[in-house]
Structures are given as C-alpha cells and as structure tokens.
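# Architecture and fold: a report
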Amino acid sequence: MIILVAEDDSRNREMLVRRLLRRNYSVLEAENGLSVVEMAKAQHPDIILMDIAMPELNGWEALAQIHAVYPELPVIILSAHSMIDDQRRAISAGAVAYLSKPIDFDRLLIKIEQFRR
Amino acid sequence: MLTSNMQIDISQLHTAMREISDQLCQAVNGDFNFVVHCSIADEEAEKLTLLVNFVLSAAARAIDQRELQTANLDKIVAERTAMLTEAKESAEAASQAKSQFLASMSHELRTPLNAVIGYSELILEELEDGAPGANTHNDLMVIRDAGRHLLGLINDVLDLSRIEAGQTDIFPEYFDPLAFTRSTAATLHTLIQSKGNVLKFELPDQTGRIHTDMGKVRQCLINILGNAAKFTEHGSITLGYRESSSKDHRRYVEWWIKDTGPGIGPDQIQKIFEAFTQADGSINRRYGGTGLGLTLTTTLCRMLGGDIRVESTLGQGSTFIMRLPGYYQATGINP
Ligand SMILES: Nc1ncnc2c1ncn2[C@@H]1O[C@H](COP(=O)(O)OP(=O)(O)O)[C@@H](O)[C@H]1O
Ligand SMILES: [Mg+2]
C-alpha cells in the first residue's frame, strides 16, 4: 500500500514517514501543495495524508485539484488547526477523515487500513 | 349718514371677506407662511386682516419649531446610531481578532507538540523492538528544541495577555542609557557572532540619564537585536542611540537597529507587527521564532509612551527605530 505524506514541517514529516515505514508501508513525501498534486498524478498512491497549512498551494486547494482528476482517491487531513469549522470543512470538501495534531497515531493507522484495497 | 355708511360697509365687508378667504385657501395645504392683503379701506376689514395674519404667523412659527425639533431629534438619533454602530463594529473586530489569535495559537502549539509526542512514541517503539535507532540522539534533540520552542511561545503569550489584562506594572528608574545599551548588546554577543555578523555601535560620547522601565526596554531591545542577528548572515548590525525632541518639546530617546539582512517587502512590512505573523512562512523552520516578538515589543513600547517603526527595502536590510519618552510619566491611560 502506497501512502503519500504531504507536510511542510520537515521534522513532523520525517517522523510520520519513519513511523509508517516501520509498519512496512511504501511512503512518498511531498513538502508543499504543488508537489503533492504532481505526485498524486504521477505516482498513483493509494491514500494521501495531507497537512492544510502548506506553502505554494494550501491543503484545501491541493485536495480540490487532486479530486478533480481522481475523485475516489482517499485523502486524510492532518492539521494543527483544530477549530470545529476545519473538521466540517474537511468532510464537506471530500476528505475521508480529519485528524488534528498532535496526531493519535493508532487512530491514523485504523483509518489508513480502512482504505486498503 | 349712519345707515348709508353701514350699507356701504356691509357690501365692502363682503368683498373683503371673500378676498381674505380666497387668499386663505393656501393654508388648506398646511402652508401658513404667507400674508393676507385686503384692498378695502375699512377699519373692521383691516382688523380682520391683521388678526388673520397674526394667526397665520403664529401657526407658521409653531410649525417651524416642530420641524426644527424633529430635525434635531433626527440628528440626535443619527448620531447615537452612528456611535452604536461604531462600538458594535469595534467590538466585533476585537472579538474576531481574539478568535483569530486563539486559532493561530492553537496551531502554533500543536505543531511542536506533534513533534514532541510523535518523536517520543517513535523512540519508544524502537526501544520496545530492542533496536534503538542510530537517530535516537537526533530525535531527542528535536524533542528538546520543540519543547524549548513551546516554552518561548508560552512565555510570550503569557506576557502579552498579562499586559492586555492590565496586570503588568511599570517600574521606572533612572539609568545611564549608554552603559545599558552596551550591556544589553553583550548578552546577544554569541548569537550575533554565530551567523558571522559584526556588531557596531553608534553612540554619543556622553548623555544624560533617562527615566523609564529598564527591564521592559531591555526586553524590547533584545527582541529587535535578536531578529537582526537571526535574519542577517555574514553582514553587520549597527546599534545606535540618540536623543531627539518632539514638537511638544518633550525629550525623546531613540534606539535604532540597522542590519544588512534580507529586508522586508512592502506587502509584509505592516503585518510583521501582528501576532504570529512571519514575513516568510518557512521562517519558523529555518530561524525558529514564534512571530510574537514584534507584537510584544510594540505593546511594551506603547506602554512606555513610545512607539516602534521600521524602514526596509527587500534585499537591502532593515532599520528598526524604537522611540521612548526620556522621562516616563504615568498617564493613567491603558495601553
Ligand atoms: N531584522 C529583520 N530582518 C528581516 N525580517 C525581519 C527582521 N525582523 C523581523 N523580521 C520579520 O518579521 C517577522 C516577525 O518578527 P517577530 O515578531 O520577532 O517574530 P519571530 O522572530 O518569532 O519570527 C519575522 O518572522 C521576520 O519575517
Ligand atoms: Mg523575533
């Protein structure tokens, strides 16, 4: 299963990637909104874990662009914004789940496994 | 004589009354602002005309007065409405600023906390596997840095909210600004040198003592100098002090901090004084910082009766100028 991790904070990205690798997932990394859109198109991940506050293109815009091409691709939003509005917005924008940081990793794994094909 | 006179008078009076009543028709529309004329030279007719005109002018005056009162009332209502609207809008703006602040603070706290919790769990996982990774040392440093960053953030936020709640007192004292300036700069010596920068002073040979809250001025100077040192590489930082007097002949003192760093673009230059704003979104990763330093500095300067401004061109360095009254006087006005 290929997971694309989009996160601009390098320490948090590296941590997430290493924890996923330990569980034998294949992991791809993107550090801004533009490259996550490009990688989604070029590398066909099974699921995307996406931060919202990213440079170039924010998570909302990236999500819309990806879903315009792959409407079925599951996207989980991981955000440090934890206002109730963001959660609602994530679901109405077509994300399959919204997890606020600090991330509950076990919950994240359960969500990811729900989308194993 | 009497009889004939009366006869004439009656027919003339009839004409006079018709004349007057014709003219009075205008009053039917509510307009009393006119004078009635009578062409008949008769004492009674003239009396009537006079009385009618008296009543007309009284009515006109009464109406004018009522209109004036209504207009006044309208004006008062309009003024009060404007005042209320303004109060409502500024209350709304304040509450929006508060929730924006809370949202940003939540974001700024959660990002380093994610690193603290995530890296701790990662290290624990590796230990439980019996294989502490080669990265453990680095990972622990990430946790420590994130923790320190959180501490800085919490201190700044607490300082700000204490000031806002009016819980910060000012302790003015007399001191020599030149010795103070040198000793404050000395505390940043390592940071300045670590980026290959040189520090220059532009201080007058001698100057009088000043009277203000030394601790708060030190905090401000450290923030501004710290920024100059943080954002400038292999350049120079100049710390200057001068006295000036304003139009009101009060004595002011100024510190200016000039650097040869990256400068600040026109679209960012006002925003950098707002809470949690950094000119470049990637700054936090490269330079650390909370985006609260200048907000706090501005608030402190205002408390002391002064202000702070910046002159900068992108790519050509920045100059921050902090101006304070040479003699602090409590005004009783909340900052
Ligand atoms: N001397 C400087 N040169 C260039 N940019 C500066 C300078 N001082 C401040 N800034 C800009 O203003 C922003 C806000 O500064 P500050 O409120 O002190 O927050 P912080 O230092 O935590 O980022 C900085 O992130 C930076 O973008
Ligand atoms: Mg700063």
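Basis of the calculations
- Residues numbered from 1 in each chain as written.
- Chains lettered and ligands numbered in written order.
- Predicted model: local features only at pLDDT ≥ 70, side-chain atom pairs only at ≥ 80, totals over all residues.
- Heavy atoms only, no water.
- Near = heavy atom within 4 Å.
- Polar contact = N/O pair within 3.5 Å; in protein donor to acceptor, adjacent residues only side chain to side chain.
- Areas by Shrake-Rupley, 256 points an atom, 1.4 Å probe, with all protein chains shown as cover.
- Helix = DSSP H or I, 4+ residues; strand = E, 2+ residues; numbered from the N terminus.
- Nonpolar A, V, L, I, M, F, W, Y, C, P; charged D, E, K, R; others polar.
- Axes fitted to C-alpha atoms, helices over the stretch in contact; angles between N-to-C directions.
- Parallel < 35°, antiparallel > 145°, perpendicular 65-115°, else oblique.
- Left-handed = near helix turned anticlockwise from the far one by under 90°.
- Contact = heavy atoms within 4.5 Å.
- Buried area = accessible area lost by both parts, 1.4 Å probe.
- Salt bridge = Lys/Arg side-chain N within 4 Å of Asp/Glu carboxyl O.
- UniProt positions renumbered as here; feature names shortened; annotations may be inferred.
- Buried < 20%, exposed > 50% of the residue type's maximum accessible area, 1.4 Å probe, protein only.
- Disulfide = S-S within 2.5 Å.
- Pairing = 2+ DSSP bridges.
- Arc of directions from axis to C-beta.
- Phe/Tyr/Trp six-rings, centres within 6.5 Å; stacked < 30°, edge-to-face > 60°.

Turning next to the site of ligand 1. Residues and elements named next belong to chain B. Lys-230, Asp-259, Gln-278, Thr-290 and Gly-291 are the nearest of the 20 residues found near ligand 1. With respect to ligand 1, the backbone of Gly-291 contributes an N or O atom lying 2.7 Å from an oxygen atom. A distance of 2.8 Å separates an oxygen atom of ligand 1 from a polar backbone atom of Leu-294. Contact with the protein chains hides 97% of the accessible area of ligand 1, taken as 530 Å² for the molecule alone. Taken together, the elements giving at least two residues each to the shell around ligand 1 come down to helix 6 (214-231), helix 8 (293-303) and strand 7 (318-325). With four residues, helix 6 is the single largest residue contributor to the shell around ligand 1. Here the residues of the shell around ligand 1 sort into nine nonpolar, nine polar and two charged.

What follows deals with the packing of helix 4 (residues 177-186) of chain B against helix 6 of chain B. All names here are of chain B. Orientation of helix 4 relative to helix 6, taken along the N-to-C sense of each, is 50°, at an axis distance of 10 Å. Taken together, the axis directions place helix 4 and helix 6 in an arrangement best described as oblique. Considering how the two elements wind past one another, helix 4 and helix 6 form a crossing that is right-handed. Of the residues in helix 6, those touching helix 4 at Phe-180, Ser-183, Thr-184 and Ala-185 are Met-214, Val-217, Arg-218, Leu-221, Ile-222 and Leu-225. Across the contact of helix 4 with helix 6, the residue classes tally to seven nonpolar, two polar and one charged.

With 21 residues of chain B in contact, the opposing surface of chain A contributes 21 residues. Approximately 2,100 Å² of surface area, both sides summed, lies buried where chain B meets chain A, with 49% of it carried by carbon and sulfur atoms. Applying the counting criterion to the chain B and chain A interface returns seven salt bridges. Of the charged contacts in the structure, one is a salt bridge between A:Arg19 and B:Glu121, with a shortest N-O distance of 2.8 Å. Linking chain B with chain A are twelve residue pairs in polar contact (both at pLDDT 80 or more). Of all the secondary-structure elements, those providing two or more residues to the side of chain B that touches chain A are helix 2 (43-128) and helix 3 (136-164) of chain B. A per-element tally of the side of chain B that touches chain A places helix 2 of chain B first, with 16 residues.

All names here are of chain A. Summarizing the sequence annotation, UniProt attributes the feature "modified residue: 4-aspartylphosphate" (unreviewed entry) to Asp-51 in the numbering used throughout. Considering the arrangement of structural elements, one finds Asp-51 in the loop between strand 3 (47-50) and helix 3 (59-69). Under the relative-accessibility criterion, Asp-51 is labelled buried at 3%.

Mapped onto this numbering, the UniProt entry gives "domain: Response regulatory" (unreviewed entry) at residues 2-116 of chain A. Taken as a whole, residues 2-116 of chain A contains 47% helix and 20% strand, while its terminal C-alpha atoms sit 10 Å from one another.

Enumeration over the complete set of coordinates arrives at zero disulfides over all chains. B:Cys38 provides the cysteine sulfur closest to B:Cys25, a residue in no disulfide bond, and the two sulfurs are 16 Å apart.

Here B:Ser106 shows up in helix 2. Those residues in contact with B:Ser106 that lie beyond four places of it in its chain are A:Ala80, A:Ser82 and A:Met83.

Here we come to the sheet that holds strand 2 (residues 198-202) of chain B. Residue and element names in this part refer to chain B. Spatial strand order, 2-4-5-7-6: five strands in an open sheet with mixed pairing. Two strands bound the open sheet, and with one partner strand each, they are strand 2 and strand 6 (307-312). Adjacent strand axes in the sheet meet at a mean angle of 15°, parallel and antiparallel pairs treated alike. Alignment of strand 5 (residues 251-259) against strand 7, held across eight bridges, turns out to be antiparallel. Paired with Trp-255 across the bridge in strand 7 is Met-322. In the packing of helix 6 onto the sheet, contacts are made with strand 2, strand 4 (236-245), strand 5, strand 6 and strand 7, and the angle to strand 5 comes to roughly 20°. Packing against the sheet, helix 8 makes contact with strand 6 and strand 7, and its axis sits at approximately 135° to strand 6.

Turning our attention to helix 4 of chain B. All names here are of chain B. Along helix 4, the positions that sit buried rather than exposed are Pro-177, Leu-178, Phe-180, Thr-181, Thr-184 and Ala-185. When helix 4 is viewed along its axis, its buried side chains cluster within an angular range of 160° and face the same direction. By the N-cap criterion, in which a side-chain oxygen at the helix start approaches the backbone nitrogen of a residue two or three places on, helix 4 is capped by Asp-176, the distance to Leu-178 being 3.0 Å.

Let us look at the packing of helix 1 (residues 10-22) of chain A against helix 2 of chain B. One way to put it is that helix 1 of chain A packs onto helix 2 of chain B with a least axis distance of 9 Å and a crossing angle of 30°. Taken together, the axes of helix 1 of chain A and helix 2 of chain B are roughly parallel relative to one another. Here helix 1 of chain A and helix 2 of chain B pass one another in a crossing that is left-handed. Side by side, helix 1 of chain A and helix 2 of chain B meet where A:Arg11, A:Asn12, A:Glu14, A:Met15, A:Arg18, A:Arg19 and A:Arg22 of the first sit next to B:Thr111, B:Asn114, B:Ala115, B:Gly118, B:Tyr119, B:Glu121, B:Leu122, B:Glu125 and B:Glu126 of the second. Of the residues belonging to the contact of helix 1 of chain A with helix 2 of chain B, the class tally is four nonpolar, four polar and eight charged.

Turning our attention to the packing of aromatic side chains. Residue and element names in this part refer to chain B. If you walk through the whole model with that rule in mind, you get five aromatic pairs over all chains. Ring centres of Tyr-174 and Tyr-327 lie 6.3 Å apart, and the angle between their planes is 55°; this geometry places the pair in the tilted category. A residue pair is termed long-range when its members are at least 10 positions apart, and Tyr-174 in strand 1 (residues 173-175) and Tyr-327 in the segment after strand 7 qualify at 153 residues. A relative accessible area of 46% means that Tyr-174 is categorised as partly exposed. Tyr-327 sits in the partly exposed class, given a relative accessible area of 41%. Ring geometry for Phe-175 versus Phe-180: centroids 5.1 Å apart, planes at 55°, classification tilted.

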